Amino acid sequence: RLGGDEFIGLCFGTEEAVRAMASDIVARTHEIKLDGVDRIPSVSIGIVASVQGDDVVHKADRVMYMVKREGKNGYRYVREDELPEETVKGC
């Protein structure tokens, strides 16, 4: 747990396997009833493929916020060399 409602997952595998896992997590979100009120949770996942791991948590956090700005309930997978400039500068 990183804090609040943010969690970190460390995954080892192919890009295809990591994307499949993220897609499965997103697909499992559904309406729930909480204290008698219908709620629709969302999940935003930022994935950074990194060999070195330098600042990878900060970079993945930035990518996650990109997903949130795009409407939530999804994921974005980027290789470290494909990170948008705003993401790199923000770390």
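For the structure, check the block above.
Now for a look at the structure at hand. (Residues numbered from 1 in each chain as written. Predicted model: local features only at pLDDT ≥ 70, side-chain atom pairs only at ≥ 80, totals over all residues. Heavy atoms only, no water.)

Okay, the nonpolar core next. Counting 7 residues, the largest nonpolar core consists of Val18, Ala22, Val26, Val43, Ile45, Ile47 and Tyr77. Of all elements in the fold, only α1 (15-27) and β3 (44-49) reach the threshold of two or more residues within this core. Among the elements that line this core, the one with the most residues is α1, at 3 residues. Ala60, Val63, Val78 and Leu83 belong to the second-largest nonpolar core, a separate cluster that totals 5 residues. (Core = buried A, V, L, I, M, F, W, Y, C linked by side-chain atoms within 4.5 Å. Buried < 20%, exposed > 50% of the residue type's maximum accessible area, 1.4 Å probe, protein only. Helix = DSSP H or I, 4+ residues; strand = E, 2+ residues; numbered from the N terminus.)

A few words on the pattern of salt bridges. Scanning all chains against the criterion turns up 7 salt bridges. Aspartate 24 is paired through a salt bridge with arginine 28; the nearest N and O atoms lie 2.9 Å apart. Using a relative accessible area of 59% as the deciding quantity, one classes arginine 28 as exposed. Between arginine 76 and glutamate 70 there is a salt bridge, with its nearest N and O atoms 2.4 Å apart. Taking relative accessible area as the criterion, arginine 76 reaches 25% and is therefore assigned partly exposed. Looking at glutamate 70, the relative accessible area reads 52%, which means it is exposed. (Salt bridge = Lys/Arg side-chain N within 4 Å of Asp/Glu carboxyl O.)

Right, let's get into helix α2 (residues 56-69). Relative to the 20 Å expected for 14 residues at 1.5 Å per residue, α2 spans 20 Å between its end C-alpha atoms, a close match to the ideal helical length. Listing the buried residues of α2 in full gives Lys59, Ala60, Val63, Met64, Met66 and Val67. End-on, the buried residues of α2 take up no more than an arc of 150 degrees, which puts them together on one face. Among the exposed residues of α2, those oriented more than 90 degrees off its buried face are His58 and Arg69. Within two residues after α2, glycine 71 carries a phi angle of roughly 120 degrees, on the positive side. (Expected span 1.5 Å × (residues − 1). Arc of directions from axis to C-beta.)

Okay, the pairing of strand β4 (residues 74-79) next. Pairing of β3 with β4 involves 6 bridges; the strand directions are parallel. If you follow serine 44 over to β4, its bridge partner there is glycine 74. (Pairing = 2+ DSSP bridges.)

Time to look at α1. The first and last C-alpha atoms of α1 sit 18 Å apart over 13 residues, in line with the 18 Å expected at 1.5 Å per residue. For α1, every residue scored as buried is listed here: Val18, Ala22 and Val26. With its buried residues spanning 75 degrees around the axis, α1 presents them on a single face. More than 90 degrees from the buried face of α1, the exposed residues found are Glu16 and Ala27.

For β3, the buried fraction is high: 5 of the 6 residues fall into the buried class. Where the polypeptide runs from β3 across α2 and back to β4, its parallel neighbour, the crossover connection is left-handed. (Right-handed = clockwise from strand over helix to strand, strands pointing away.)

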